[in-house]
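Fold and geometry: a report
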Amino acid sequence: MKHVTSICAAAVVLLAAASVQAQTPYPNVVDTSHATPEAAAFFKSYFTAKSEHKPVPTTDHFSEAHLTYIDAALGWPFYSKKGMTDLFENYMPKWPAAGLSYPTRISGNTHSALVAFTDTPELFGGEIRILAAIDFKDGKIVRWIDYWDGRSFGAEAAAKMRTPPDKFPTNFDYDVASDGASAKIKDAAQKLSAAFAVADANAADALFSNDAVYADRAL
């Protein structure tokens, strides 16, 4: 009987945890199998605030001291928390209640992370599926770069919004002082970049597993 009671108690705890996790204003479909609990909680907080159209709670996740936020597809740069707050204060009041932003995959921790997320059509006029590269310092975001293509949004619509080539940002603040990626990530990325720079296909190929998929989001 004691054993059955313990099992029931454990089941109640699991159900309660699942219920809390499900309480999001957006579809809770995120894969966090490759994310730390801290990273999962951080981005749940961020996307909840964004989906509830709250500018200040959204940008409270960004660093006050330093921020680089760039849309790499459109060439839209923002270099301060205030700039991002101004952007959201301009757009969010115009978003209908149905407009949501939600993560589908989070990989990493609160040092650096990759987040795949979807902005529904109500936000910017068309569905946008984004892969964001994010760096942290002291628990806040210091660098966020969005990569996406126009296939779901509409290539023509995206082209009209893109910054002209002569004004397109060329410094994505790669040298920002963050808490840093792992040594393995740095080593692999640097080796791949070096192989691409000298067109060494064999060296690049050696870095991939047999079932790897490579996608160039910027192109």
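Keep in mind the model is a prediction, meaning the values are calculated, not measured. Throughout this document, residue positions are counted from 1 along each chain, in the order its sequence is written. pLDDT decides what is reported in this predicted model: residues at 70 or higher carry local features, side-chain atom pairs at 80 or more are listed and counted, and totals for whole chains, interfaces and linings draw on all residues regardless. Note: side-chain values were computed over all heavy atoms of the structure, leaving out hydrogens and water.

Moving on: the pairing of strand 2 (residues 68–71). Where burial is concerned, the two faces of strand 2 agree: the one with T68 and I70 and the one with Y69 and D71 are both buried. By definition, two strands form a pair when at least two bridges between them are found by DSSP. Only DSSP runs of H or I covering at least 4 residues are called helices, and only runs of E covering at least 2 are called strands; the numbering of each starts at the N terminus. Here strand 2 runs beside strand 3 (residues 76–78); their pairing, made up of 3 bridges, is antiparallel. Across the sheet, Y69 pairs through a bridge with F78, a residue of strand 3. Burial classes: relative accessible area under 20% of the type maximum marks a residue as buried, over 50% as exposed, and values in between as partly exposed (1.4 Å probe, protein chains only).

In a helix, the anticipated span is given by 1.5 Å times the number of residues less one. End to end, helix 7 (residues 183–197) covers 21 Å across 15 residues, agreeing with the expected 21 Å (1.5 Å per residue, within 8%). Looking one or two residues beyond helix 7, the residue adopting positive phi is A199, at roughly 55°.

Our focus in this paragraph is empty space enclosed by the protein. Site definitions follow a grid-based scheme: protein atoms alone, a 1 Å grid, a 1.4 Å probe that fits but cannot get out for cavities, and for pockets an open set with protein on both sides within 12 Å along at least five of seven lines, plus lining residues having an atom within 4 Å of a point. Grid points are joined across faces, edges and corners, and a volume is the space filled by probe spheres set on the points. On inspection of all chains with the given rule, the structure shows 1 cavity of 30 Å³ or more. Together, 19 residues line the largest cavity, and Y69, D71, W76, F124 and D146 are the ones closest to its centre. Sort the elements by how many residues they give to the lining of the largest cavity and helix 4 (residues 81–91) lands first, with 3 residues. In terms of residue class, the lining of the largest cavity is made up of 15 nonpolar, no polar and 4 charged. Note on residue classes: Ala, Val, Leu, Ile, Met, Phe, Trp, Tyr, Cys and Pro are nonpolar, Asp, Glu, Lys and Arg are charged, and everything else, Gly too, is polar.

Bringing the side chain of T163 into the picture now. With respect to the helices and strands, the residue T163 is situated in the loop between helix 6 (155–161) and helix 7. According to the relative accessible area criterion, T163 is buried, its value standing at 17%. What makes two residues a contact is simply this: any of their non-hydrogen atoms within 4.5 Å. When neighbours within four sequence positions are excluded, T163 is seen to be in contact with L74, G75, W76 and F168.

Whenever a carboxyl oxygen of Asp or Glu lies within 4 Å of a side-chain nitrogen of Lys or Arg, that contact is scored as a salt bridge. Summed over the entire model, instances satisfying the criterion amount to 9 salt bridges. When the shortest N-O distance is used, the salt bridge between D119 and K50 registers 3.2 Å. One end of the pair, D119, is in strand 5 (residues 112–119); the other, K50, is in helix 2 (residues 37–51), and 69 residues separate them in sequence. Assessed through its relative accessible area of 3%, D119 is described here as buried. Taking the relative accessible area as the measure of exposure, K50 reaches 4% and is therefore buried. Between R143 and D135 there is a salt bridge, with its nearest N and O atoms 3.2 Å apart. The exposure class of R143 is buried, given its relative accessible area of 6%. Taking the relative accessible area as the measure of exposure, D135 reaches 13% and is therefore buried.

Let us now look at the packing of aromatic side chains. In this scheme Phe, Tyr and Trp rings, the latter by its six-membered ring, pair at centre separations within 6.5 Å, and the angle between planes marks the pair as stacked below 30 degrees, edge-to-face above 60, and tilted otherwise. All chains considered together, the criterion is met by 17 aromatic pairs. On the basis of an interplanar angle of 80° and a centroid distance of 5.3 Å, the ring pair of F42 and F43 is categorised as edge-to-face. On the accessibility criterion, F42 (13% relative accessible area) is buried. Geometrically, the ring pair formed by F62 and Y69 is edge-to-face, given 6.0 Å between the ring centres and 80° between the ring planes. Residues F62 and Y69 agree in their burial class; the two are buried. In textbook terms, an aromatic cluster arises when at least three aromatic residues are bridged by ring pairs, as seen for F42, F43, Y46, F47, F62, Y69, F117, F136 and W144.

With that settled, the discussion passes to helix 2. The first and last C-alpha atoms of helix 2 sit 21 Å apart over 15 residues, in line with the 21 Å expected at 1.5 Å per residue. When we look at burial in helix 2, the residues that qualify are A39, F42, F43, Y46, F47, T48, A49, K50 and S51.

Looking now at unusual backbone geometry. Phi is positive for D138, close to 55°, though the residue is something other than glycine. For A199, which is not a glycine, the phi torsion comes out positive at approximately 55°. By the element assignment, A199 lies in the loop between helix 7 and helix 8 (201–205).

A few words on the environment of A39. Residue placement: A39 occurs in helix 2. A residue is classified by how much of its surface remains accessible, and A39, at 0% relative accessible area, is buried. Considered as a pair, A39 and A113 are 74 residues apart in the sequence and their alpha carbons are 8.0 Å apart. Ignoring sequence-local partners within four residues, the contact set of A39 consists of G108, N109 and T110.

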